[in-house]
Amino acid sequence: MKHTQLGSSGLQVTDICLGTMTWGIQNTQADADAQIEMALDAGINFMDTAEMYPVPPGEKTYADTERFIGNWLARNPQRRKEFVLMTKIAGSGVRWIREGGNITGDAVLAAVDASLERLNTDYIDVYQLHWPNRTTAHFGKHWPGATDPRQVDREAEVAGMRDILIGLKAALDSGKIRHWGLSDDSPWGIHTFLTLCKEMNIPRPVSIQNEFSLLHPKDWPYLIEMCELEDIAYLPWSPLATGILSGKYLNGQVPQGSRWTLSQRHGLYRNTPQTHAATAKYVDIAKDAGMTPSQLALAWCRQVPGVRSTIIGATSTSQLQENIDAFTIELSEDTLARISEILQEYPATY
């Protein structure tokens, strides 16, 4: 298992991070237990979760994923030291989480305590802001006209970020969290937090996780360049584009129990003709290269310059093993060249 440094944290993490967002809807506690143990046995030492999980989020299942991890830790407390654990505070817009309010310093402190209790741990290795308070070009909003930076009150936004950092500093000083990171943010967000951290003498963010895949490579090269040069670990989430890149949704198929059968918070905006056309070509490349389509997509993510670790998820141990095996694959120059041609033809599919 390859290890890499998690930004400026000093933590050494595997280039595979176990994602958990299906635990609580598509996966049971027993499934979660089996996945955790399989990952640890394979040498993976990195796990990501969030208070909002499982996905799709719902009031009745809110924070169940953290509870599943906490239940496993309650039975295996001696194994806590074997992995780096990340979780996240939800942003605004989810009415059953702090009445849908913005992330604030006080919200950070309350949410950290709640996550610690659910997770059955004394500390969180990396505590992340799940998404910014302002609207950013994520979740299908990167197309022209979807956002307008002129509508952002810069002074209010920066004041809010200062307040968040005060809360994070208190959590860091108490030892409840060891590092902090971002998610679903932009170069301006990263830059502003770095500037404020220097000004306020507060530790910098060590990581950011954004959606990134063969179908959605919008952060490459600009945001990833910033992360690499500022020593912020770039962590792709949904490297299989919610399962699309496995090929299971081709030709109008929607397999029983798959994510697309569930209600989606932002709708099925990834379901476009361009998505399926590009995926069909990637499936052909994978077949010719002697690997599964999922393995092709994950192996490609792994070799992108600046990607430190890739967050993978699965609904079965067989899928998890297939995904883990992808990280032993080196893509040939011919395969990379064919992928590059498709990326040029379909640079943004959704």
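Being a predicted model, the structure only gives us computed values, none of them experimental. (Residues numbered from 1 in each chain as written. Predicted model: local features only at pLDDT ≥ 70, side-chain atom pairs only at ≥ 80, totals over all residues. Heavy atoms only, no water.)

Caption draft 1: Main features of the overall build of the protein. Scanning the protein for helices and strands turns up 10 helices and 10 strands. Relative to the globule expectation of 20 Å for 350 residues, the C-alpha radius of gyration of the protein, 19 Å, shows essentially globular dimensions. The dimensions of the protein, computed from C-alpha atoms along their principal axes, are 55 × 50 × 35 Å. Burial status across the protein gives 56% buried among its 350 residues. (Helix = DSSP H or I, 4+ residues; strand = E, 2+ residues; numbered from the N terminus. Rg over C-alpha atoms; globule rule 2.2 N^0.38 Å. Buried < 20%, exposed > 50% of the residue type's maximum accessible area, 1.4 Å probe, protein only.)

Caption draft 2: Region of interest: the side chain of R259. Among the structural elements, R259 can be located in the loop between strand 9 (233-237) and helix 7 (273-289). For R259, which is buried and forms no salt bridge, the nearest opposite charge comes from E211, at a distance of 7.9 Å. (Lys, Arg positive; Asp, Glu negative; His and termini not counted. Salt bridge = Lys/Arg side-chain N within 4 Å of Asp/Glu carboxyl O.)

Caption draft 3: The arrangement of the environment of S186 in detail. Relative to the assigned elements, S186 resides in the loop between strand 7 (177-183) and helix 5 (187-200). The exposure class of S186 is buried, given its relative accessible area of 18%. Not counting residues within four places of it along the chain, the set of residues in contact with S186 comprises R134, H138 and L223. Side-chain polar atoms of S186 contact the side chain of R134, separated by 2.9 Å. (Contact = heavy atoms within 4.5 Å. Polar contact = N/O pair within 3.5 Å; in protein donor to acceptor, adjacent residues only side chain to side chain.)

Caption draft 4: Structural context of the packing of aromatic side chains. A complete count under the given rule lists 8 aromatic pairs for this structure. Feature note: the residues F212, W220, Y234 and W300 constitute an aromatic cluster, connected by ring pairs. Between the NZ or CZ atom of R80 and the centre of the ring of Y123, over which it lies, the distance is 4.1 Å. (Phe/Tyr/Trp six-rings, centres within 6.5 Å; stacked < 30°, edge-to-face > 60°. Lys NZ or Arg CZ within 6 Å of the ring centre and 35° of its normal.)

Caption draft 5: The pattern of salt bridges, seen in detail. Applying the stated criterion to the full structure yields 24 salt bridges. Between R270 and E211 there is a salt bridge, with the nearest N and O atoms lying 3.0 Å from each other. On the criterion of sequence distance, the pair formed by R270 in the loop between strand 9 and helix 7 and E211 in strand 8 (residues 207-211) is long-range, its members being 59 residues apart. Here E228 ties to R308 by a salt bridge, and the two come within 3.4 Å at their closest N and O atoms.

Caption draft 6: How the structure looks around the nonpolar core. Residues Y127, I177, W180, Y282, W300 and I339 are the most contacted members of the largest nonpolar core, which totals 84 residues. When sequence neighbours within four positions are dropped, the list of residues in contact with Y127 reads T87, K88, I89, V108, A111, V112, L168, I177, H179, W180 and G181. (Core = buried A, V, L, I, M, F, W, Y, C linked by side-chain atoms within 4.5 Å.)

Caption draft 7: Focus on helix 7. Here helix 7 is 17 residues long and its end C-alpha atoms lie 25 Å apart, about the 24 Å a rise of 1.5 Å per residue gives. Among all positions in helix 7, only T275, H276, A278, T279, Y282, I285 and A286 are buried. On its buried side, helix 7 packs onto helix 8 (293-303) and helix 10 (333-345). Once helix 7 ends, the next one or two residues include G290, with phi positive near 75 degrees. (Expected span 1.5 Å × (residues − 1).)

Caption draft 8: Molecular detail of the environment of S332. Along the polypeptide, S332 turns up in the loop between helix 9 (317-325) and helix 10. Relative accessible area serves as the criterion here: at 36%, S332 is assigned to the partly exposed category. For the pair S332 and D148, spaced 184 residues apart in sequence, the C-alpha to C-alpha distance is 41 Å.

Caption draft 9: Seen up close, the pairing of strand 7. Buried residues dominate strand 7, accounting for 6 of its 7 residues. Bridge count between strand 6 (residues 124-129) and strand 7: 5 bridges; the pairing is parallel. Looking at strand 7, one finds that Q128 is bridged to G181. Between the parallel elements strand 6 and strand 7, the chain passes through helix 4 (residues 154-174) in a crossover that is right-handed. (Pairing = 2+ DSSP bridges. Right-handed = clockwise from strand over helix to strand, strands pointing away.)

Caption draft 10: Local environment of the packing of helix 1 (residues 29-41) against helix 2 (residues 64-75). Two elements in contact, helix 1 and helix 2, have axes whose closest approach is 10 Å; the angle formed by their N-to-C orientations is 65 degrees. The crossing of helix 1 and helix 2 is right-handed. Together, Q29, A32, D33, I36, E37 and L40 of helix 1 and R67, F68, N71, W72 and R75 of helix 2 make up the contact between the two elements. (Axes fitted to C-alpha atoms, helices over the stretch in contact; angles between N-to-C directions. Left-handed = near helix turned anticlockwise from the far one by under 90°.)

Caption draft 11: Structural detail: unusual backbone geometry. Cis geometry marks the peptide bond from Y53 to P54; its omega dihedral reads 10 degrees. Here P54 is to be found in the loop between strand 4 (46-48) and helix 2. A cis amide bond, omega 0 degrees, links V55 with the succeeding residue P56. By secondary structure assignment, the location of P56 is in the loop between strand 4 and helix 2. Positioned with a positive phi, E99 is a non-glycine residue whose angle comes to about 55 degrees. With respect to the helices, strands and loops of the structure, E99 is situated in the loop between strand 5 (84-89) and helix 3 (105-119).

Caption draft 12: Spatial organisation of the pairing of strand 3 (residues 16-19). Of the two faces of strand 3, the one carrying I16 and L18 and the one carrying C17 and G19 are both buried. Bridge count for strand 3 against strand 10 (residues 310-312) is 3 bridges, and the pairing is parallel. Directly across from L18, in strand 10, lies its bridge partner I312. Direction of pairing for strand 3 relative to strand 4: parallel, over a ladder of 2 bridges. When the sheet's bridge partners are listed, L18 is paired in strand 4 with M47.

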